[in-house]
Number of protein chains: 2
Amino acid sequence: MRVVCSKENLLEGISIVQKAVSSKTTLPILEGILLEATDKFKLTGNDLEIGIECLVESDIQRTGSIVLNSRMFGDIVRRLPDSEVLIDVKENNLVIIECENSHFELKGINASGFPAIPEISKENTFKISQKLLKDMIKQTLFAVSMDENRPILTGSLIECKDNVLSFVSIDGYRMALRSAASNGENLDFNVVVPGKTLGEIGKILQPVEDELTIYNSQNQIMFDMGNCRVVSRLLEGEYLNYRNLIPKDYETKIIVNTKDLLSSVERASLITMDEKKYSVKFKIDDEKMIISLNTDIGAVREELNIEMTGESMSISFNPRYFIDALKVIEEDTIEMRFTSNIGPCIIAPVDSNAFSYMILPVRTRND
Amino acid sequence: MRVVCSKENLLEGISIVQKAVSSKTTLPILEGILLEATDKFKLTGNDLEIGIECLVESDIQRTGSIVLNSRMFGDIVRRLPDSEVLIDVKENNLVIIECENSHFELKGINASGFPAIPEISKENTFKISQKLLKDMIKQTLFAVSMDENRPILTGSLIECKDNVLSFVSIDGYRMALRSAASNGENLDFNVVVPGKTLGEIGKILQPVEDELTIYNSQNQIMFDMGNCRVVSRLLEGEYLNYRNLIPKDYETKIIVNTKDLLSSVERASLITMDEKKYSVKFKIDDEKMIISLNTDIGAVREELNIEMTGESMSISFNPRYFIDALKVIEEDTIEMRFTSNIGPCIIAPVDSNAFSYMILPVRTRND
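Residues numbered from 1 in each chain as written. Chains lettered and ligands numbered in written order. Predicted model: local features only at pLDDT ≥ 70, side-chain atom pairs only at ≥ 80, totals over all residues. Heavy atoms only, no water.

If you check an unreviewed UniProt entry, chain A appears there as Beta sliding clamp from Clostridium thermosuccinogenes. Recorded in UniProt under Subcellular location (unreviewed entry), the annotation for chain A is "Cytoplasm". We quote the UniProt Sequence similarities (unreviewed entry) comment for chain A here in full: "Belongs to the beta sliding clamp family." (UniProt positions renumbered as here; feature names shortened; annotations may be inferred.)

**Observations regarding the packing of aromatic side chains**
Scanning the entire structure with this criterion turns up 12 aromatic pairs over all chains. These aromatic residues form a ring-pair network of at least three members: A:Phe282, A:Phe317 and A:Phe322. (Phe/Tyr/Trp six-rings, centres within 6.5 Å; stacked < 30°, edge-to-face > 60°.)

**Structural notes on the sheet that holds strand 17 (residues 228–233) of chain B**
By way of backbone hydrogen bonds, the strands of a sheet pair with one another, either parallel or antiparallel. Residues and elements named next belong to chain B. Read across the open sheet, the 8 strands follow the order 6-2-3-4-17-16-15-10; overall the sheet is antiparallel. Edge positions in the sheet fall to strand 6 (64–69) and strand 10 (124–129), since each of these pairs with one other strand and no more. Shown here is a sheet whose adjacent strand axes are inclined to one another by a mean of 20 degrees, direction ignored. Here strand 15 (residues 211–216) pairs with strand 16 (residues 220–224) via 4 bridges, running antiparallel. Considered in strand 16, the bridge of Thr 213 is made with Asp 224. Against the sheet, helix 1 (residues 7–17) touches strand 2 (32–37), strand 3 (41–46), strand 4 (50–55) and strand 17, its axis set at about 25 degrees to strand 3. Relative to the sheet, helix 3 (residues 130–141) contacts strand 10, strand 15 and strand 16, its axis offset from that of strand 10 by approximately 95 degrees. (Pairing = 2+ DSSP bridges. Helix = DSSP H or I, 4+ residues; strand = E, 2+ residues; numbered from the N terminus. Axes fitted to C-alpha atoms, helices over the stretch in contact; angles between N-to-C directions. Contact = heavy atoms within 4.5 Å.)

**Looking at helix 4 (residues 195–204) of chain A**
Of all 10 residues making up helix 4 of chain A, 8 are buried, and the element is well covered by its neighbours. Those residues of helix 4 of chain A that fall on the buried side of the exposure criterion are A:Gly195, A:Thr197, A:Leu198, A:Gly199, A:Glu200, A:Ile201, A:Gly202 and A:Ile204. (Buried < 20%, exposed > 50% of the residue type's maximum accessible area, 1.4 Å probe, protein only.)

**Thoughts on the sheet that holds strand 13 (residues 174–181) of chain A**
Residue and element names in this part refer to chain A. Ordered by their spatial adjacency, 9 strands build an open sheet running 14-11-12-13-26-25-24-18-22, and the pairing between neighbours is antiparallel. Looking at the sheet topology across the chains shown, the edges are occupied by strand 14 (189–194) and strand 22 (307–310). Neighbour-to-neighbour, the strand axes of the sheet open up by a mean angle of 15 degrees, direction not taken into account. By the bridge criterion, 5 bridges tie strand 13 to strand 26 (residues 355–359) in an arrangement that is antiparallel. Across the sheet, the residue bridging to Arg 178 is Phe 355, located in strand 26. Where helix 4 meets the sheet, its contacts fall on strand 11 (155–161), strand 12 (164–170) and strand 14, and the angle it forms with strand 14 comes to roughly 85 degrees.

This is the structure we're talking about:
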């Protein structure tokens, strides 16, 4: 193999495929990046859960393939001058990397042992803009469960039904739901994608309108961005029927400024070292919301002006669960709907039905 | 105590005195910041090695004092709105912090147990610009020894002699020396300041021409920036006579571009996981320098154009020691003077005698 490419393009490709390279593995080849030159020059990382491949624009002077340690290869290319880079594989897997006056000789690994990325049958295909997918991931990924005892909840449901595409995450205490109109092909499917995969995809996606194509089969899903493709396994099992979880009506409804509420809850949570131990109390009465928290270190009280409909009430929540949701809402004002002080609360932007968040209250001694 | 001050000023003061607050201590009061309102409002942090006090512009409504946990107090103030902050100490050391619609009640600690910062007799006083002191610290601190077996070398020598002020650090393998004309008061003294103190001072100093005053006595040194004062203990013992260590002549002298040399040595050091194990080899011949390094992972060769005087030579160094020094040199070109391939090498900017660096070579099997 002998290729010449720009340092910039090579580094961009390496940075992307590195997201699928294992850092903890007993198989040295999985710590590597596969370099393949056929009619195109392709880099691949694969940790057996996620596989990412990326094409790098190159002048291919001789075809072939080799595996190079990912960290080392990345560190070297990052430090090269902004110029043309030659990668030349000699006998015995010796790899020459040359750029201006720098000359490296590295020991590569034979490519034959590198695990192939599975082929995906192209059954359910849909297109979505990079920006929209990035937003949908950001607004739901944080609510994915960390509890390996219920593996299905460690992923997000991606559902396409009645021309609406939805992302859903549930961790037992809260649910994040983001919907968007799908592109009208009337697909009907639902798959559960591991949270880790969505996290990596979220980092690769750019906030641009360029479309990518998603293919999914029984066990695998592929995100195809043209020059770069990510393949991941799907989680097996039935996801919760989330529609049944959403309460239909409410006892109290308030409208409040998103940033003010976020700042207040963040400040309140500062006087607790252990967020799970203390809950933040919302007292809603007379067009005001009093947010308070008492710990052995001290006490905090915050006052916010609100618009309210319905009954006065007091309700307590885990402050972390509130902060997570408020951080991903871009709209200036939100609506909060309370069923009762022991029932779920719904948070949603006032001027959009694309996002909604459901959170269960904490029962306190005074309830 | 009752004071009102701006969030911005308060936060600036907290951030500075926090550098002297202990994070690992068995005495809770040392994790605190002392707040004192007399005719001025003063914050103090003191970990018994370094003490920092800072005046904060305030409206003092009632004098008094209290100690608040540093991390908690800092986190709360950082998150307050950009507005006026009221700090009011009530009975039983209860501290009220109010800002717009936020109201905190924190448990403070009685100030009587807080260790006082020692008074300094003002024997040797000199003035220096913040920027110059910051530079002098940056260019010498990195060469301070980490070896607690020779405590005196864990600090930098500050010497004033013949109207020249010098900072010197030596760790047994290398020496960094930075000099500047002193302000003509013909002082004669030398003190050794702990590396940790200089590190914290370096962070507090701004790159501005404003002067600060340094006072030093037998055991203590004080850096007085007007609104903010740092007091530190000095290290006891005799420092090495560094002047005798510097070689007078050389066998080979080269001139090379600073950034090019830094990039080359940085790249060469990438193919070693353990920088102490492998040395980088410089081969100087025929107006060229070949930089090479061979490890069990691979080999690298870099070529640089140089101007040279004297004999051709080969010499090996610890790459980390080279990188450290090249990073703090701002000048475009440096001069390197070699005595022999087993003797010290001197690195200095071509157009300045303010900084010089001496490094000992590594003996390799091929020498």
